[in-house]
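Single-letter residue listing:
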Protein chains: 2
Amino acid sequence: MNIGRASKLSGVSTKMIRYYEQTGLIPKAARHNSGYRDYDDADVHRLRFIRRSRDLGFTVEQIGGLLNLWSDRSRASADVKSFALEHVERLKEKMAEIEAMVRTLESLADHCHGDDRPECPIIEGLAEDDGDSLRPKRREPQRFGTPGGQSARHHGAATKVAH
Amino acid sequence: MNIGRASKLSGVSTKMIRYYEQTGLIPKAARHNSGYRDYDDADVHRLRFIRRSRDLGFTVEQIGGLLNLWSDRSRASADVKSFALEHVERLKEKMAEIEAMVRTLESLADHCHGDDRPECPIIEGLAEDDGDSLRPKRREPQRFGTPGGQSARHHGAATKVAH
DNA sequence: TTTGCGGCTTCCCACGATGGGAAGGTCAAG
DNA sequence: CTTGACCTTCCCATCGTGGGAAGCCGCAAA
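Description of the structure in this document. (Residues numbered from 1 in each chain as written. Chains lettered and ligands numbered in written order. Predicted model: local features only at pLDDT ≥ 70, side-chain atom pairs only at ≥ 80, totals over all residues. Heavy atoms only, no water.)

1. Considerations on the overall build of chain A
For the record, the criterion: Numbering goes from the N terminus for both helices and strands, where a helix is a DSSP run of H or I of at least four residues and a strand is a run of E of at least two. Accessibility here uses a 1.4 Å probe with only protein chains present; expressed as a share of the type maximum, an area under 20% marks a residue as buried, one over 50% as exposed, and anything in between as partly exposed. In what follows, a contact means two residues having at least one pair of non-hydrogen atoms within 4.5 Å. All accessibility values rest on the Shrake-Rupley procedure with a 1.4 Å probe; residue burial counts only the protein chains present in the view.
Across its full length, chain A holds six helices and two strands. Helices (α) and strands (β) of chain A occur, in sequence order from the N terminus, as α-α-β-β-α-α-α-α. Looking at the 163 residues of chain A, the share that counts as buried comes to 41%. Considering only contacts within chain A whose residues lie at least 6 apart along the sequence, 44% involve residues at least 24 apart. Accessible surface, chain A: about 9,000 Å² in total, of which carbon and sulfur atoms supply 49%.

If you want it as structure tokens, here you go:
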């Protein structure tokens, strides 16, 4: 089948299918004489696997790992489980960060009258000279490396930190 | 003062300061005869405002709006409040999406023995032919592994609901 | 004065995942 | 044969951030 059909069946856009092929996430597709890519049900199956993995927040790189785990019939389920649960930890960290933002914003908004007057604790909070009062206090090294880079973003010690 | 000093005082990297200038978020900096950019306390103040806004998950575009609200002394606090609360809604949506992923992954992991045997409901769940059962709902671009840091910053994830 | 170093300048590249769109080839139906 | 839908490759943009090169500037030590 052509790429458009595979796209519809898998829910992965044609752009993405080509991209996954290009980056080596999936093998090079077979070609018709015309040059058109040719897919079979197994290809579609793999694409669906990829899409569902993306839906669960895995990066493409991680999906590469998942595909290996999928095709490796001798690997232990414990390997998969730890892979998944580590990802869950990242997701929870991300949630906690967002939640902290929400809490800060809501507490600022709670003190804002929200009427016609111009005084506004929200803007004042952002403009405060007292630097980091808005930020959640935890500033320990706490590094959790996301795939692709960490980088202890300079806090005040701007330019020259271990980058 | 030079850009490096402004960076240290504001907590915004020199790279980002130039980027913000280039994209028009902040006005063009004054220059010394040497060509070096020159900043004063008001500039640093604005940069700190920007950094704190980023820490709360606003995109650069939104920060442009916040800067306008900041400098507009005649705007109503209600304008600021609705701006902030709408952003809070986006953050909550993002949290809900991530939470759905976490729930799905944890329920799959719950059924995985996590031992030496190869059978694994997690992989099976991803590989299922039954299409979208894992999918919480309509998906949209999510980017949450931003390079970097610890705490609340650039999570990228949070802010970008539509891109 | 010369040397050296660190800071500054601009410019280009990279990332991750995705889409847009142009220029052109292919295929099936009319 | 024409038309229109589909396919191909190639390049560009996104968004926020950093890396790094090539070259100037400023200050201090030798």
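2. Quick notes on the packing of aromatic side chains
Residues and elements named next belong to chain B. Heads up, the condition is: Note on ring pairs: Phe, Tyr and Trp rings are taken, using the six-membered ring of Trp, and paired if centres are within 6.5 Å. Classes follow the plane angle, with under 30 degrees stacked, over 60 edge-to-face and the rest tilted.
All told, the structure shown has six aromatic pairs over all chains when counted by the stated rule. Judged by centre distance (6.0 Å) and plane angle (35°), the ring pair of Phe58 and Phe83 falls under tilted. Of this pair, Phe58 sits in the loop between α3 (41-55) and α4 (60-71) while Phe83 sits in helix α5 (residues 77-110); the two residues are 25 residues apart in sequence, bridging distant segments of the chain.

3. Details of the protein's contact with DNA strand C
Let me state the cut-off plainly: One heavy atom within 4 Å of a molecule or strand makes the whole residue count as near it. Polar contact is defined as a pair of N or O atoms within 3.5 Å, subject to the rule that within protein one atom must be able to donate a hydrogen and the other to accept it, and that residues adjacent in sequence are counted only when both atoms are side-chain atoms.
Surrounding DNA strand C, one finds 21 residues, the nearest of these being Lys15(A), Tyr36(A), Val60(A), Arg18(B) and Tyr36(B). For DNA strand C, the backbone makes up 60% of the atoms found within 4 Å of the protein, where backbone means sugar plus phosphate. One of the side-chain N or O atoms of Arg54(A) is found 3.3 Å from a sugar or linking oxygen in DNA strand C. For DNA strand C, a phosphate oxygen lies 2.8 Å from a polar atom in the side chain of Arg18(B).

4. Brief notes about the state of the cysteines
All names here are of chain A. To keep it simple, the criterion reads: Whenever a pair of cysteine sulfur atoms sits within 2.5 Å, that pair is classed as a disulfide.
Under the counting rule described, the total for this entry stands at zero disulfides over all chains. Take Cys112: it sits in no disulfide, and the sulfur closest to it among the cysteines is that of Cys120, at 3.6 Å. For Cys112, a relative accessible area of 3% translates into the label buried.

5. A word on the packing of helix α3 (residues 41-55) of chain A against helix α4 (residues 60-71) of chain A
When two helices pack together, their arrangement is captured by the angle between the axes and the distance separating the axes. All names here are of chain A. Rule in force here: Angular values range over 0 to 180 degrees, each being the angle between N-to-C directions of two axes fitted as lines to C-alpha atoms, with helices fitted over their stretch in contact. For classification purposes, an angle smaller than 35 degrees is called roughly parallel, one larger than 145 roughly antiparallel, one from 65 to 115 roughly perpendicular, and anything else oblique. Handedness of a crossing follows from how the near helix is turned relative to the far one, being left-handed for an anticlockwise turn of less than a right angle and right-handed for a clockwise one. All residues other than Ala, Val, Leu, Ile, Met, Phe, Trp, Tyr, Cys, Pro, Asp, Glu, Lys and Arg, Gly among them, are scored as polar; the first ten of these are nonpolar and the last four charged.
Interaxial distance between α3 and α4 falls to 10 Å at its minimum, and their mutual angle equals 130°. Overall, the two elements α3 and α4 adopt an arrangement that is oblique. The two elements α3 and α4 cross, and the hand of that crossing is right-handed. Across the interface between the two elements, His45, Arg46, Phe49, Ile50, Ser53 and Arg54 from α3 touch Val60, Ile63, Leu66, Leu67 and Trp70 from α4. Considered class by class, the residues forming the contact of α3 with α4 number seven nonpolar, two polar and two charged.

6. Notes on the pattern of salt bridges
Residues and elements named next belong to chain A. Rules: Criterion for a salt bridge: a side-chain nitrogen of Lys or Arg within 4 Å of a carboxyl oxygen of Asp or Glu.
If you walk through the whole model with that rule in mind, you get 17 salt bridges over all chains. One salt bridge connects Arg31 with Glu21, and the closest N-O pair in it is separated by 3.9 Å. Placement of the pair is Arg31 in strand β1 (residues 30-31) and Glu21 in helix α2 (residues 14-22), with a sequence separation of ten residues. Its relative accessible area of 45% is what places Arg31 among the partly exposed residues. Glu21 sits in the buried class, given a relative accessible area of 8%. Linked by salt bridges that have partners in common, Glu21, Arg31 and Arg37 make up one network.

7. Thoughts on α2(A)
Residues and elements named next belong to chain A. Our working definition: Arc definition: it is the arc formed by the directions from the helix axis to the C-beta atoms.
When we look at burial in α2, the residues that qualify are Ile17, Tyr20 and Glu21. All buried residues of α2 lie within an arc of 100° about the axis, which places them on one face of the element. In α2, the exposed positions that point more than 90 degrees away from the buried face belong to Lys15 and Gln22.

These results come straight from atomic positions and should not be treated as a statement about function.
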